[in-house]
Amino acid sequence: MRTPQYHRAKDGSETWKVRYRPGGRATPETSITFTSAAGANAFVKLLSDVGPKRAVEILKARQAHTTESTPTVAQWCTKHIESLSGVQADTIAKYEAFVRNDLGSLAELPITAVTDDDVTAWVNHLAKKVWRGRPTSGKTIKNKHGFMSAAFARAEAKGLVPSNPFHGTTLPAR
């Protein structure tokens, strides 16, 4: 796994550089410099989760779309859960566990940066997950997808996203 390289300038400012190859081993190495270790480490995680090309796209989307008022997917899902009414406590607990454990690379994306390709990759990732020795069932994936679609439908209704990227996703049948 990559490790960000720390640098302290003469003026005392600190930066962390992450080196990577955008097209694999056959391409020249490049780097991105961050002003925080957390930002550099988050980018390293993105590189390993989604690959260099998508990691750079996500980083650019974060920079273009992130404002104080733009929540991440995890933040928005938490807010969505808090705004639900008529839902039993055990269901709320399941939703909260889902947000903690199953959002994967979607969790830290700004809600405005999520694309249908991200949703498809997330569904495929869920389909490959094994829990208690068994692959994730199609019903479980449909339930999690339904929760996410409802959260994004609420974001769309509030004008936070132009459309719901979860709408129209093909889900596994098993």
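Up top is the structure.
First, a word on what this report is: a plain description of the structure on this page. Nothing here was measured: the structure is a model prediction, and the numbers come from that model.

1. A few points about the overall build of the protein
Secondary structure assignment for the protein yields 6 helices and 5 strands. In the protein, the succession of helices and strands from N to C terminus is β-β-β-α-α-α-α-α-β-β-α. Seen through its C-alpha atoms, the protein measures out along the principal axes to roughly 60 × 35 × 30 Å. Split by element, the accessible area of the protein, about 10700 Å² in all, is 51% carbon and sulfur. Treating the 25 positive side-chain charges of the protein as one cloud and the 15 negative ones as another, the clouds have centres 6 Å apart.

2. So, the packing of aromatic side chains
Any two aromatic rings considered together are summarised by their centre-to-centre distance and by the angle between their planes. Inspection of every chain in the model, using the stated rule, returns 8 aromatic pairs. Measuring from ring centre to ring centre gives 5.1 Å for F152 and F166, while their planes differ by 45°; the resulting arrangement is tilted. Remark: F166 occurs in the segment after α6 (138-157) and F152 occurs in helix α6; sequence separation between them is 14 residues. Note on accessibility: F152 and F166 belong to one class, buried. Members of the aromatic cluster, each reached through a chain of ring pairs, are Y95, F98, W122, F147, F152 and F166.

3. Considerations on the environment of V99
Note on placement: V99 falls in helix α4 (residues 89-101). The spatial distance from the C-alpha of V99 to the C-alpha of M148 is 9.6 Å, given a sequence separation of 49 residues. If sequence neighbours within four positions are ignored, V99 has contacts with A74, C77, T78, I81 and F147.

4. Description of helix α5 (residues 116-128)
For α5, with 13 residues, the first-to-last C-alpha span of 19 Å sits near the 18 Å given by 1.5 Å per residue. The set of residues buried in α5 consists of D118, V119, W122, V123, L126 and A127.

5. A look at the pairing of strand β1 (residues 5-8)
One ladder, built from 4 bridges, connects β1 with strand β2 (residues 14-20); its direction is antiparallel. By the bridge assignment, H7 is partnered in β2 with T15. A loop of 5 residues connects β1 with β2, the two strands running antiparallel in sequence, and G12 in this loop sits at a positive phi of about 95°.

6. Concerning helix α3 (residues 73-82)
Of the residues making up α3, those classed as buried are V73, A74, W76, C77, H80 and I81. For α3, the angular spread of the buried residues around the axis is 165°, confining them to a single face. Away from the buried face of α3 by more than 90 degrees, exposed residues K79 and E82 are located. On its buried side, α3 packs onto α4 and α6.

7. Quick look at the pattern of salt bridges
Throughout the structure, instances matching the rule amount to 7 salt bridges. Linking R54 and E57 is a salt bridge whose minimum nitrogen-to-oxygen distance equals 3.1 Å. With R54 and E57 both in helix α2 (residues 52-65) and 3 residues apart, the pair spans about one turn of that helix. For E57, a relative accessible area of 37% corresponds to the partly exposed category. Several salt bridges converge on common partners, so that one network encompasses R54, E57 and D118.

Cut-offs applied
- Residues numbered from 1 in each chain as written.
- Predicted model: local features only at pLDDT ≥ 70, side-chain atom pairs only at ≥ 80, totals over all residues.
- Heavy atoms only, no water.
- Helix = DSSP H or I, 4+ residues; strand = E, 2+ residues; numbered from the N terminus.
- Areas by Shrake-Rupley, 256 points an atom, 1.4 Å probe, with all protein chains shown as cover.
- Lys, Arg positive; Asp, Glu negative; His and termini not counted.
- Charge placed at Lys NZ, Arg CZ, Asp CG, Glu CD.
- Phe/Tyr/Trp six-rings, centres within 6.5 Å; stacked < 30°, edge-to-face > 60°.
- Buried < 20%, exposed > 50% of the residue type's maximum accessible area, 1.4 Å probe, protein only.
- Contact = heavy atoms within 4.5 Å.
- Expected span 1.5 Å × (residues − 1).
- Pairing = 2+ DSSP bridges.
- Arc of directions from axis to C-beta.
- Salt bridge = Lys/Arg side-chain N within 4 Å of Asp/Glu carboxyl O.

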